[in-house]
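Okay, here's what each chain looks like letter by letter:
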Number of protein chains: 2
Amino acid sequence: MHSHDRHAETARPDPSRIERLCVERGLKMTGQRRLIARVLSEAEDHPDVEELYRRAAALDDRISVATVYRTVRLLEEKGILERRDFGGGRARYDPTDRGHHHHLIDVDTGRVIEFEDAEFEKVARAIAERLGFSLVGQRLELFGRKGAPAPAPRGRTKPKA
Amino acid sequence: MHSHDRHAETARPDPSRIERLCVERGLKMTGQRRLIARVLSEAEDHPDVEELYRRAAALDDRISVATVYRTVRLLEEKGILERRDFGGGRARYDPTDRGHHHHLIDVDTGRVIEFEDAEFEKVARAIAERLGFSLVGQRLELFGRKGAPAPAPRGRTKPKA
DNA sequence: ATATCTGCAAACAATTTGCCGACCA
DNA sequence: TGGTCGGCAAATTGTTTGCAGATAT
């Protein structure tokens, strides 16, 4: 565990949050992985692979979607990312270091709000126990609408635009 | 002149539960739709399209997967079915007339247990409200493992065969 | 040095769809 | 009879993978 001290010969300002985690888990850091790590670190939302690729390529197009897929899967296996599925067919990714949380999806805007709730955790555990299981994981998604009732467009879940 | 006779000209014993719902919503009932409706009515689990197709074809092979896909989507739009996603890539279907419920998935066996919980409903509504939303929908899935979650800090309890 | 990446395109799996004959209302 | 529906196979979409050259350690 030797550390490379600050010989700023390679302009590498600051290893991103996620990059640091990658190194911790002993991943070989390539240019594209560093790039993806940075995009992930800067993301405040839950991008899908296509979106990650778009953002990464915008910074440096020496990368392909295949690599994003591979990297994202690797990071998931290493416990750095969590794969989510908000419907819509594509997997969304969420860095685990943001802490355990759930999501509330605004059905009108498609906007995703994160939240935590101790009360819920307790209830969930209680339910599992009542059914004779020990809780290993959970998934909670709430779909809501802001205050006043608005004419919601019919149709199914195709949060495109 | 109407012939509402009891002459079994078309051996149609009893419209299945789901078939009745289809008719109610004004769907044109064809042989294959009736078949799928019957399979769905008899199902106690949450089959995916492939499985529905298998079961239907076993009763009458004058049907194709494409039709199952089309029908299942139609029933979903009509609110007769609910599409679920328990991971694994394929969509699972769940008749809505079984009532509102959530799922607990046994991570070891893959078995799905349905349950309801008033306490949870209350908490969910409260969370949404706290975030400034009115609850429109929710999705809760618990993943558990059979075994004693009991406060027994002793050695690990081997999962019973 | 060398085991591990990456890009590319072909392979895959789940689901959709165009075309046209078959069928229900 | 007219408008829908169903079968078949080709088309789409999201994701994976084999290969050969590029890289990190």
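About the criteria used
Residues numbered from 1 in each chain as written. Chains lettered and ligands numbered in written order. Predicted model: local features only at pLDDT ≥ 70, side-chain atom pairs only at ≥ 80, totals over all residues. Heavy atoms only, no water. Near = heavy atom within 4 Å. Polar contact = N/O pair within 3.5 Å; in protein donor to acceptor, adjacent residues only side chain to side chain. Nonpolar A, V, L, I, M, F, W, Y, C, P; charged D, E, K, R; others polar. Least-squares fit on C-alpha atoms with pLDDT ≥ 70 in both. Contact = heavy atoms within 4.5 Å. UniProt positions renumbered as here; feature names shortened; annotations may be inferred. Helix = DSSP H or I, 4+ residues; strand = E, 2+ residues; numbered from the N terminus. Buried < 20%, exposed > 50% of the residue type's maximum accessible area, 1.4 Å probe, protein only. Expected span 1.5 Å × (residues − 1). Arc of directions from axis to C-beta. Buried area = accessible area lost by both parts, 1.4 Å probe. Salt bridge = Lys/Arg side-chain N within 4 Å of Asp/Glu carboxyl O. Pairing = 2+ DSSP bridges.

**A look at the protein's contact with DNA strand D**
Item 1. Around DNA strand D, a shell composed of 20 residues is seen, among which Arg90 of chain A together with Gln32, Arg62, Ile63 and Thr67 of chain B lie nearest.
Item 2. In the model, a phosphate oxygen of DNA strand D is placed 2.6 Å from a nitrogen or oxygen of the arginine 62 of chain B main chain.
Item 3. When grouped by side-chain class, the residues that make up the surface near DNA strand D number six nonpolar, six polar and eight charged.

**Here's the deal with the relation of the copies chain B and chain A**
Item 1. The transformation that overlays chain B on chain A combines an axial shift of 0.1 Å with a rotation of 179 degrees, and the residual RMSD is 0.3 Å. Both chain copies can therefore be described as sitting about a two-fold axis. Taking the C-alpha atom as reference, chain B places leucine 140 of chain B closest to the rotation axis, 2.3 Å from it.
Item 2. Mapped onto chain A, 91% of the interface residues of chain B again fall at the interface, so both copies present the same surface.

**A look at the UniProt feature "binding site: Fe cation" (unreviewed entry) in chain A**
Residue and element names in this part refer to chain A.
Item 1. As annotated by UniProt and renumbered to match this structure, "binding site: Fe cation" (unreviewed entry) occupies His100 and Glu121. The named residues occupy 22 residues along the chain; their greatest pairwise C-alpha distance, 10.7 Å, places them in one compact cluster.
Item 2. Tracing the chain through its elements places histidine 100 in the loop between β2 (92–95) and β3 (102–106).
Item 3. Looking at histidine 100, the relative accessible area reads 43%, which means it is partly exposed.
Item 4. When near neighbours in sequence (up to four residues on either side) are disregarded, histidine 100 contacts Glu116, Glu121 and Gln138.
Item 5. Within the local environment of histidine 100, its side chain forms a polar contact with the side chain of glutamine 138, the two groups lying 3.0 Å apart.
Item 6. Glutamate 121 sits in the buried class, given a relative accessible area of 17%.
Item 7. Other than its neighbours up to four places away in sequence, glutamate 121 contacts His100, His102 and Gln138.

**Quick look at helix α5 (residues 118–130) of chain B**
Item 1. Helix length check: α5 of chain B, at 13 residues, gives a terminal C-alpha distance of 18 Å against a target of 18 Å (1.5 Å per residue), a fit within 8%.
Item 2. When we look at burial in α5 of chain B, the residues that qualify are Phe120, Glu121, Val123, Ala124, Ile127 and Ala128 of chain B. Burial along α5 of chain B is one-sided: seen end-on, the buried residues are contained in an arc of 165 degrees. Seen from the open side of α5 of chain B, the exposed residues pointing more than 90 degrees away from its buried face are Ala118, Lys122, Glu129 and Arg130 of chain B.
Item 3. Tucked into the core, α5 of chain B has its buried residues touching β3, β4 (112–115), α5 (118–130) and β5 (133–146) of chain A together with β3 (102–106) and β5 (133–146) of chain B.
Item 4. Where α5 of chain B starts, the residue carrying a side-chain oxygen 3.0 Å from the main-chain nitrogen of glutamate 119 of chain B turns out to be aspartate 117 of chain B.
Item 5. Positive phi shows up at glycine 132 of chain B, right after α5 of chain B, with a value of about 90 degrees.

**What to know about the interface of chain B and chain A**
Item 1. With 35 residues of chain B in contact, the opposing surface of chain A contributes 35 residues.
Item 2. Three residues, Phe133, Arg139 and Phe143 of chain B, lead the burial of chain B against chain A; their summed loss comes to 22% of the area buried on that side.
Item 3. Where chain B packs against chain A, one counts four salt bridges.
Item 4. Ionic pairing is found between aspartate 117 of chain A and arginine 130 of chain B, a salt bridge with its closest N-O pair at 2.4 Å.
Item 5. At the surface where chain B touches chain A, the tally comes to twelve residue pairs in polar contact (both at pLDDT 80 or more).
Item 6. Split by residue class, the side of chain B that touches chain A holds 17 nonpolar, six polar and twelve charged.
Item 7. Summarising the sheet, β5 of chain A and β5 of chain B pair through 13 bridges and their orientation is antiparallel. Each bridged residue has a counterpart across the sheet, and for serine 134 of chain A the counterpart in β5 of chain B is arginine 145 of chain B.

**Quick look at the protein's contact with DNA strand C**
Item 1. Every one of the 18 residues lining DNA strand C counts as a neighbour, but Arg62, Ile63 and Thr67 of chain A together with Tyr69 and Arg90 of chain B are closest to it.
Item 2. At the protein interface, 72% of the atoms of DNA strand C within 4 Å belong to sugar or phosphate.
Item 3. The side chain of arginine 70 of chain B places a nitrogen or oxygen atom 3.4 Å from a base oxygen of DNA strand C.
Item 4. Going through the elements one at a time, α2 (31–42) and α4 (65–77) of chain A together with α4 (65–77) of chain B are the ones with two or more residues in the surface near DNA strand C.
Item 5. For the surface near DNA strand C, the element with the highest residue contribution is α4 of chain B, accounting for four residues.
Item 6. Here the residues of the surface near DNA strand C are counted per class, giving five nonpolar, five polar and eight charged.

**Regarding the pattern of salt bridges**
Item 1. In the structure shown here, the tally under the stated rule is 30 salt bridges over all chains.
Item 2. The salt bridge involving lysine 122 of chain A is made with glutamate 119 of chain A; its shortest N-O contact spans 4.0 Å. Taken together, the residues lysine 122 of chain A and glutamate 119 of chain A, both in helix α5 and three residues apart, mark about one turn of the helix.
Item 3. Note on glutamate 119 of chain A: relative accessible area 36%, which makes it partly exposed.
Item 4. Between arginine 84 of chain B and glutamate 82 of chain B there is a salt bridge, with the nearest N and O atoms lying 3.5 Å from each other.
Item 5. Each of Glu82, Arg84, Asp94, Arg98 and Glu114 of chain A takes part in a single network of salt bridges with overlapping partners.

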